[in-house]
Amino acid sequence: MYRFFEQLSSRIAAPFLGDRSRNSKVWPCRCGQSLFFRNSQCLACLAALGYQPEQSRLSSLQPGEQADTWTLDADPQAGLFRRCANLDTPAACNWLLPANGQDTLCIACSLNRTIPDLSLPENPERWGKVETAKRRLVAQLITLGLPVIPKTVDDNIGLAFDFIGVDPDGKPPTTGHASGLITLDIKEADDAHREHVRQQMHEPYRTLLGHFRHEVGHYYWDRLIANSHWLEPFRALFGDERASYSEALERHYQQGAPLDWQTHYVSAYATMHPWEDWAETWAHYLHMMDAVDTALGFGMSAREMDFDYQPFPPDTLFDPGHAGGTAFLSFVNAWIELAGMLNELSRSMGQPDFYPFVVPAAVITKLHFIHLVIQEEGGRADEVLL
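Residues numbered from 1 in each chain as written. Predicted model: local features only at pLDDT ≥ 70, side-chain atom pairs only at ≥ 80, totals over all residues. Heavy atoms only, no water.

A.B. asks: Could you give an account of the overall build of the protein, with specific residues and numbers?
C.D. replies: Tallying secondary structure elements over the protein gives ten helices and eleven strands in all. Here the protein has a C-alpha radius of gyration of 21 Å; the compact-globule value for 386 residues is 21 Å, and the two agree. Seen through its principal axes, the protein has C-alpha atoms that stretch 65 × 60 × 45 Å. In the protein, buried positions account for 49% of the 386 residues. A sequence separation of at least 24 residues applies to 61% of the contacts in the protein between residues at least 6 apart. Seen as two clouds, the 31 positive and the 49 negative side-chain charges of the protein have centres 4 Å apart. (Helix = DSSP H or I, 4+ residues; strand = E, 2+ residues; numbered from the N terminus. Rg over C-alpha atoms; globule rule 2.2 N^0.38 Å. Buried < 20%, exposed > 50% of the residue type's maximum accessible area, 1.4 Å probe, protein only. Contact = heavy atoms within 4.5 Å. Lys, Arg positive; Asp, Glu negative; His and termini not counted. Charge placed at Lys NZ, Arg CZ, Asp CG, Glu CD.)

Put into structure tokens, the structure is as follows:
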């Protein structure tokens, strides 16, 4: 396995020159203990911890001069911070926010419009799971440089979340996106329920983080594609989104996906409508970026070796002549190997495949398109490939 990760690191690092640092996925406490994204207290020295989203870092904390304020051991000159007001709730949020503002909730928690009814005994645990997944999503969006604007700041272009259960008539909510509002049925946080729905829908994969990454893809389509210079290239690649969505939905659930869908799409659901193809491909882009970034964030050394899998050639890219094309292909080809290894590890434990998908060349083209859109908007997507 060590040899594999040396190989993985070299594939992504090889196209770049110089010695540029990358975002870590493990941070040191002041006592030397390793810290991870979800930690709010060091298990070794019991130091308070906080995640600073703007810098994508977790740090042990020192009490500040003002009450309920903190400074970062990782950067004492960064100023004073407060811990999110949701720290001591079932959300267990470990994020920080600047102490000089009026907000009490961090950027991730400020996106909540509705939280589940916590008087129901099952909902506190469910809410905690939902928030853990949502923080992972929001942290990645910020790292990529994408705008994360709460609807409370700008209702027209902002983002918000409703985590709700059945209505007074007993009707469950529909998980989805509409005009920047992402709704999630809180029962999706129940593992048994989610697995039942996954099997019922014949889905190979269904997770909270997957829901969030898919639905936020719809949000960013509105923000980045609609009414932009990317719209016509989108239509040429994904299809014309002006086709009736309701008719496409009915056709999909009556007839299913085309028999040859695996040569053109990342999932059967992606065949339903161009919007769903975009959202499914967007979600997989975020899956791939986060998984490879996490692998590299653990400090694998670079050493050039040959591919064990047939790599995708440059002509699979949306723009084969793009300056960053070599790096993107290195990332994609490394992901294929990483997913293959992780699938084998899952099988060795009697578990389903870690990544139960096959990525055809046509999807690589779509993934590269999404990468270029994100890079143009946020200016940081290429950095994640370093």
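Moving on, there is more to tell.
A.B. asks: I'd like a rundown of helix α4 (residues 208–225), residues and numbers included.
C.D. replies: With 18 residues, α4 should reach 26 Å at 1.5 Å per residue; the first-to-last C-alpha distance of 25 Å fits that figure. In the stretch just after α4, N227 is the one whose phi turns positive, near 60 degrees. (Expected span 1.5 Å × (residues − 1).)

A.B. asks: How would you explain the pairing of strand β11 (residues 181–185) if you had to name every residue and give the values?
C.D. replies: Most of β11 sits inside the fold, with five of its five residues counted as buried. Relative to β11, strand β9 (residues 160–164) runs parallel, the two sharing five bridges. When the bridges of β11 are listed, I164 appears paired with D185. When strand β10 (residues 176–178) meets β11, the two strands line up antiparallel, connected through three bridges. Bridge pairing in β11 places H177 opposite I182. Counting the residues that bridge the hairpin from β10 to β11 gives two residues, and of these S179 lies at a positive phi of roughly 55 degrees. (Pairing = 2+ DSSP bridges.)

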